[in-house]
Amino acid sequence: MSIFDSVLAPLEWVVAWLMVNFHTIFAFIGLPKDSGFTWALSIVGLVIVIRIVLIPLFVKQIHASRRMQLIQPEMQKIQKKYKGKTDPESRQAMTQETMGLYKRTGTNPFSSCLPILLQSPVFFALFRVLNNLAAIASHKHATIGPLDANLAHQAQISTIFGAPLSSHFLGSTDASTKLVTVVLIILMSASTFTTQRQLMMKNMPANAMDNPFAKQQKVLLYLMPLFFAFSGINFPIGVLLYWLTTNLWSMGQQFYTIRRMPAPGSPAEKALEERRIKSGKEHKKFSIPGLTHDEPEPVQDDPVADTRPKSGQRQQPKRKNRAKPTTQPDGSAVPTSPPATSNGNATGAKPATGGNGNTKGAKPAKDGNGNRQDAKPAGAANGSPQDAKP
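An account of the accompanying structure is given in this report.

Criteria and thresholds
- Residues numbered from 1 in each chain as written.
- Predicted model: local features only at pLDDT ≥ 70, side-chain atom pairs only at ≥ 80, totals over all residues.
- Heavy atoms only, no water.
- Salt bridge = Lys/Arg side-chain N within 4 Å of Asp/Glu carboxyl O.
- Helix = DSSP H or I, 4+ residues; strand = E, 2+ residues; numbered from the N terminus.
- Buried < 20%, exposed > 50% of the residue type's maximum accessible area, 1.4 Å probe, protein only.
- Patch = residues over 30% accessible without salt bridge, like charges linked within 9 Å, V, L, I, M, F, W, Y side chains within 5 Å.
- Areas by Shrake-Rupley, 256 points an atom, 1.4 Å probe, with all protein chains shown as cover.
- Lys, Arg positive; Asp, Glu negative; His and termini not counted.
- Charge placed at Lys NZ, Arg CZ, Asp CG, Glu CD.
- Contact = heavy atoms within 4.5 Å.
- Expected span 1.5 Å × (residues − 1).
- Arc of directions from axis to C-beta.
- 1 Å grid on protein atoms, 1.4 Å probe; cavity = no way out; pocket = protein on both sides within 12 Å on 5 of 7 lines; lining within 4 Å.
- Points joined across faces, edges and corners; volume = space filled by probe spheres on them.
- Nonpolar A, V, L, I, M, F, W, Y, C, P; charged D, E, K, R; others polar.

What follows concerns the pattern of salt bridges. Two side chains with opposite charge may pair up if their charged atoms get near one another. A full pass over the atoms with the stated rule returns three salt bridges. A salt bridge links E74 to K77; its shortest N-O distance comes to 3.7 Å. Within this pair, E74 and its partner K77 are both found in helix α4 (residues 72-81), separated by three residues, close to a single helical turn. Accessibility expressed as a relative area gives 16% for E74, which makes it buried. Here K77 falls in the exposed class, since its relative accessible area comes to 54%. Put simply, K81 and E97 hold a salt bridge, and the shortest N to O gap is 3.0 Å. Taken together, the residues K81 in helix α4 and E97 in helix α5 (residues 88-105) connect sequence positions 16 residues apart.

In structure tokens:
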């Protein structure tokens, strides 16, 4: 027995055990034992059990994908830093910085591949079980768990839409087999295309659409139908049914994930934020603590100056700038200061007066002998004072 057979033998036993038990349950509730739909539903039940078991790994895959999206800017900085450097020291330094980034942020790039890698052995185990139905029914192959010769013969002759579950497109002359195979391949291609498209259009940020990985995903989006067309004709109808059921499960699971746990910065995250705001709920964005050390610390506002007086010193009162009154007590307007002239003196400024009304600071004129000469009231031509007329 080869290593490949040794690895798949336990999985073949599990696959056969699940199929037989689901077949027993469906037969117990009234479905025909030799009907192809009963065995087809058993395959669907097998898919559901396997996908439920893989849910924890799928959750890890989602978290790993979100972390990978967040560390892409740091990854691009590292790649730009060592761009064009092909010496061994630079390549080793680049590898060390990349691994340090993974360790610091708790990111495992292989976590996103675990569900697919773990499903592949189950896929091949089911392929071998269905391929060996005829050999088990004719006692040319040992029984696989509870799948004995009687049940193997029953599963081999069961048909769905006239096509046996163990038949292939190649080597078959039955038109029903070819038609069912083509329909299953088309449905598989459509489900895979829809799943990948909603992932790229809704769950990828705008800055991630220009990297080589996104471009590769766009190419694979249109190449996968061709891959299914060339590979699907080599698999039994039961395996194609398993593949289609898995794709439908993945499409529904991804729709739920994109709606509830979208990738950071994607259109799906903006839609989730809008829905939560409308419903009055708080939206917390997904973040990685390991990336905060590269971010600049937030600038704090200048501390408020302490205006309290120091010990032993008396605080001097400060003059407050109060608005000057615009009217006098008698109701008349306060005159404004006239503009200054070119020599700095105010135009039309009146001399200041003291409390008795006399001019303050104005010196009286003196005559030739040095005697004070008081100002006389203006009079008529004969020098007598002239009273003011009312």
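Picking up where we left off.
Moving on: a positive patch on the surface. Together, R259, R260, R275 and K281 line one region of the surface with positive charge. Mapped onto the elements of the fold, K281 is located in the loop between α12 (267-278) and β3 (365-366).

Attention now moves to the environment of Q119. Tracing the backbone shows Q119 in helix α6 (residues 114-131). Distance in space between the C-alpha atoms of Q119 and I50 is 8.1 Å, their sequence separation being 69 residues. Excluding its chain neighbours within four sequence positions, the residues that come into contact with Q119 are R51, L54, Y242 and T246.

In this section: α12. With twelve residues, α12 extends 17 Å between its outermost C-alpha atoms, agreeing within 8% with the 16 Å of an ideal straight helix rising 1.5 Å per residue. Listed in full, the buried residues belonging to α12 are A268, E269 and L272. For α12, the angular spread of the buried residues around the axis is 100°, confining them to a single face. The exposed residues of α12 that point more than 90 degrees off its buried face are K270, E274, I277 and K278. Taken together, the buried residues of α12 touch α9 (175-202) and α11 (237-260).

Take empty space enclosed by the protein next. The tally for this structure, following the rule as stated, stands at one cavity of 30 Å³ or more. Here the largest cavity defines a volume of roughly 40 Å³. Residue lining of the largest cavity: M19, W39, I43, L130, L133, L147, A155 and L165, and that is the complete set. Taken together, the residues that form the lining of the largest cavity break down as eight nonpolar, no polar and no charged.

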